[in-house]
Amino acid sequence: PTKWEKVKLSKLVECSVCCCKTDEMGKTKCGHMFCDDCLAVITKPPFVSHGGLSSLVSSRRNFTDEQARAVVARGGIFVIYFPKSGMSQGDSFFDTAVIAKHIKYAINLLGEDAVALGTDFGGMISGTPVGLESISRIQNLWDALAFEGFTGTLIEKIAYQNAARYLVTNLPNQ
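Keep in mind that this is a model prediction, so the values were computed, not measured.

Trainee: Could you give an account of helix α7 (residues 152-170), naming the residues involved and the relevant values?
Mentor: Helix length check: α7, at 19 residues, gives a terminal C-alpha distance of 26 Å against a target of 27 Å (1.5 Å per residue), a fit within 8%. A maximum bend of about 55° is found in α7 at I158. Packing partners of the buried residues in α7 comprise β3 (47-51), β4 (77-80), α5 (96-110), β5 (115-117) and α6 (139-147).

Trainee: Give a description of the sheet that holds β4 that names residues and reports values.
Mentor: Sheets are built from strands that pair by backbone hydrogen bonding, the pairs being arranged parallel or antiparallel. A sheet is described by the order of its strands in space; here three strands give the open sequence β3-β4-β5, paired in parallel fashion. At either margin of the open sheet sits one strand with a lone partner, and together these are β3 and β5. Recorded for the sheet is a direction-independent mean angle of 25° between the axes of neighbouring strands. For β4 and β5, the ladder comprises three bridges, and the chain directions are parallel. Across the sheet, residue V79 finds its bridge partner in β5, namely A116. α5 contacts β4 and β5 of the sheet and is inclined by roughly 155° relative to β5. Together, β3, β4 and β5 form the strand contacts of α7, whose direction differs from that of β5 by roughly 110°.

Trainee: Give me the lowdown on the nonpolar core, citing residues and values where you can.
Mentor: F78, I103, L117, L141, L145 and F150 are the most contacted members of the largest nonpolar core, which totals 31 residues. When contributions to this core are tallied by element, the ones reaching two or more residues are α3 (65-73), β4, α5, β5, α6 and α7. Broken down by element, this core gets its largest block of residues, seven residues, from α5. Each residue touching I103, except ones within four places of it in the same chain, is listed here: I80, V115, L117, L145, F150 and I158. Formed by five residues, the second largest nonpolar core is a distinct cluster that contains V79, A116, A163 and Y166.

Trainee: Can you lay out the packing of aromatic side chains for me, pointing to particular residues and giving the numbers?
Mentor: Evaluation of the coordinates by the stated rule reveals two aromatic pairs. Measuring from centroid to centroid gives 4.9 Å for F47 and Y166, while their planes differ by 50°, and the two rings are tilted. Placement of F47 in strand β3 and of Y166 in helix α7 is noted, with a sequence separation of 119 residues between them. Between F63 and F78, the ring centres sit 5.4 Å apart and the planes meet at 85°, which makes this aromatic pair edge-to-face. Here F78 lies in strand β4 and F63 lies in the loop between β3 and α3, a separation of 15 residues in the sequence. The pair F63 / F78 is uniform in exposure class, with both members buried.

About the criteria used
Within each chain, residue numbers correspond to sequence positions counted from 1 in written order. The predicted nature of this model means local features are confined to residues of pLDDT at least 70 and side-chain atom pairs, given and counted, to a pLDDT of 80 or more, with totals for whole chains, interfaces and linings taken over all residues. Side-chain metrics in this entry use all non-hydrogen atoms of the structure; hydrogen atoms and water are not considered. Helical segments are the DSSP runs of H or I of at least four residues, strand segments are the runs of E of at least two, and each set is numbered from the N terminus. Helix span, as expected, comes to 1.5 Å for every residue beyond the first. By definition, a residue's bend is the angle between the axes fitted to the seven residues ending there and the seven starting there. Whether two residues are in contact is decided by their heavy atoms, any of which lying within 4.5 Å being enough. Strands were regarded as paired on the criterion that DSSP finds at least two bridges between them. Note on method: axes are straight lines fitted to C-alpha atoms, helices fitted across the in-contact stretch only, with angles between N-to-C directions ranging 0 to 180 degrees. In this description, a nonpolar core means a group of buried Ala, Val, Leu, Ile, Met, Phe, Trp, Tyr and Cys residues linked to one another through side-chain atoms lying within 4.5 Å. Any residue under 20% of the maximum accessible area for its type is buried, any over 50% is exposed, and the rest in between are partly exposed; the area is computed with a 1.4 Å probe on protein chains only. Note on aromatic contacts: the rings of Phe and Tyr and the six-membered ring of Trp form a pair at centre separations within 6.5 Å, being stacked when their planes are under 30 degrees apart, edge-to-face when over 60 apart, and tilted otherwise.

What follows is the structure in structure tokens.
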């Protein structure tokens, strides 16, 4: 493409992680648009609405520690999701304790103000954690987090306060 065509294309293609437009966009294996270059230059805080960390579970939808740190370094938030494919390797046992350990790792990596919960119940096809087959069983996750040493205050931050703060701060006033 010519330089002009690239400029036009850059206005049409948007990175789903940071919402920046670019002409150097790649697709991850799962098809989500993602751009490391965008993370390097964005001016607005990115919102990773559902993800995991590939240092714990190698999954096509998980982010590297470096990518997650880049999101948070720009004032963004990293939301942990629940699908078995992103939280558990192969046929290994998958329960709320696995999710709690993933959240604990994310908080140690990114800080307690940068991690939130994004269940992905609406789109999960790879299996739910044992003990968390529906939102009505969410108390089992709170119990698993408490077992990992999380206080009630920290559980509330992960459950809703961090995401709510991000949205209030970053959405336009209407």
